[in-house]
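# Overview (structure and organization)
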Amino acid sequence: MMRRGVLLLPLLALFVGAGRAEAGCAPQRFENNDYTVCRFDLRKERLRLYSLDEAGEPYGSFDALEAALRAKGLELVFAMNAGMYGEDLKPIGLYVQEGQRLKKANRRDGPGNFHLKPNGVFWIDGEKGGVMETEAYLASGLSPRYASQSGPMLVIDGKIHPKFSETGTSYQRRNGVGSPDPHTLVFAISETGVNFHSFARLFRDGLNCPNALFLDGSISSLHARELQRSDGFFDIGPMVALVRER
């Protein structure tokens, strides 16, 4: 039986055409906090995003996505919530799937973590992927096959977000994504409550990511078949996943 746990967000999925590639997820301890870290080489495993099913409705859970994939002869190996979403479970910021921009970039000011600027975008285009601050992404001219906006940025060009404090008192389960090089994306989820500064240090100092993006907190969820784990306490929006042929 797979262990049940937490919630999901926008889902980004890695499609592996042939072979039996695993998700590359493993426990990691950093500065007395426990995390699960999943690392992907995009030259070997192809990432893609999932948000809406064929009827245009949000999948809402790992279980629903897994069932839809199973009907097509595919197996869900890894998945994680992958960006902020609204009450309708749809992305609230930039969202690109299969090369189509389904939601434009959100540059507004407002409350909550998403608007704790700078926020950012993580993107995938074939064998390359990355994490960029939103304005830098928009100025780059990139037109990737997949992209999801979330926020705040955790690490920006090697520097921790200026509004984070080492003594911050908001401790939550959190998940995020970083990019140590142009061909690698690293996803991490904390197993206990951590503050933003601690989580950012994990990516910068523990995972060697000069740029990293917060995906969500409290509802953070992971599906990792090799760990016999599939979190699912809450409904979620977009997701990231590794898929393989059954």
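These notes cover the structure that comes with them. Please read all numbers here as calculations on a predicted model, not as lab measurements.

Two strands in a sheet stick together by hydrogen bonds in their backbones, pointing the same way (parallel) or opposite ways (antiparallel). Reading across the sheet, the 7 strands line up as 3-4-15-14-16-12-13 and stay open at both edges, with antiparallel pairing between neighbours. At either margin of the open sheet sits one strand with a lone partner, and together these are strand 3 (25-30) and strand 13 (159-160). By the bridge criterion, 7 bridges tie strand 4 (residues 33-41) to strand 15 (residues 184-190) in an arrangement that is antiparallel. For C38, the partnering residue across the bridge sits in strand 15 and is F187.

Tracing the chain through its elements places E133 in strand 10 (residues 128-133). Of the side chains with opposite charge, K117 comes closest to the buried, unpaired E133, at an N-O distance of 8.0 Å. Separated by 2.9 Å, the side chain of E133 and the backbone nitrogen of E135 make a polar contact. Apart from the residues within four sequence positions on either side, E133 is in contact with P118, N119, G120 and M153.

If you look at the biggest cluster of nonpolar residues, it comprises 27 residues, and the most contacted ones within it are L47, F78, F122, V177, L185 and F187. Residues V155, A188, L202 and L207 belong to the second largest nonpolar core, which totals 21 residues.

Turning next to a positive patch on the surface. A contiguous patch of positive charge, built from R101, K103, K104 and R108, is present on the exposed surface. Its location among the elements puts K103 in strand 8 (residues 100-103).

Let us look at the pattern of salt bridges. Pairing is possible between side chains that carry opposite charge, provided their charged atoms lie close to one another. Within the structure shown, the criterion is met by 18 salt bridges. Salt-bridge contacts for R229 lead to D231; the nearest nitrogen and oxygen are separated by 3.0 Å. Comparing R229 with D231, the two get one shared label, buried. Via salt bridges that share partners, E66, R70, E75, R225 and R244 belong to a single interconnected network.

Definitions and cut-offs
Residue indices follow the written sequence of each chain, beginning from 1 at its first position. With the structure being a predicted model, the display of local features is reserved for residues of pLDDT at least 70 and the display and counting of side-chain atom pairs for 80 or more, all residues being used for whole-chain, interface and lining totals. Neither water nor hydrogens contribute to the side-chain values; these are computed over all heavy atoms in the structure. Note on pairing: two strands pair once DSSP finds at least 2 bridges between them. Helix and strand assignments follow DSSP, with helices taken as H or I runs no shorter than four residues and strands as E runs no shorter than two, numbered in order from the N terminus. Each residue is placed in one exposure class: buried if its accessible area under a 1.4 Å probe, protein chains only, is under 20% of its type's maximum, exposed if it is over 50%, and partly exposed if it falls in between. Here Asp and Glu are counted as negative and Lys and Arg as positive; His is not counted, and neither are the chain ends. When a carboxyl oxygen of Asp or Glu is within 4 Å of a side-chain nitrogen of Lys or Arg, the pair counts as a salt bridge. As used in this structure description, the phrase polar contact means that two N or O atoms lie within 3.5 Å; if the pair is within protein, one of them must be able to donate a hydrogen and the other to accept it, and residues adjacent in sequence are counted only when both atoms belong to side chains. Working rule for contacts: check all heavy atoms of both residues, and any pair within 4.5 Å makes them a contact. Among buried residues, the Ala, Val, Leu, Ile, Met, Phe, Trp, Tyr and Cys ones that are joined through side-chain atoms within 4.5 Å form a nonpolar core. Residues form patches when they are more than 30% accessible in relative terms and have no salt bridge. Like charges link within 9 Å. Nonpolar side chains (Val, Leu, Ile, Met, Phe, Trp, Tyr) link within 5 Å. Accessible surface is estimated by sampling points in the Shrake-Rupley manner with a 1.4 Å probe; for residues, cover comes only from the protein chains shown. Where a charge lies is defined by one atom per residue type, namely NZ (Lys), CZ (Arg), CG (Asp) and CD (Glu).

Nothing here speaks to function; it is all geometry.
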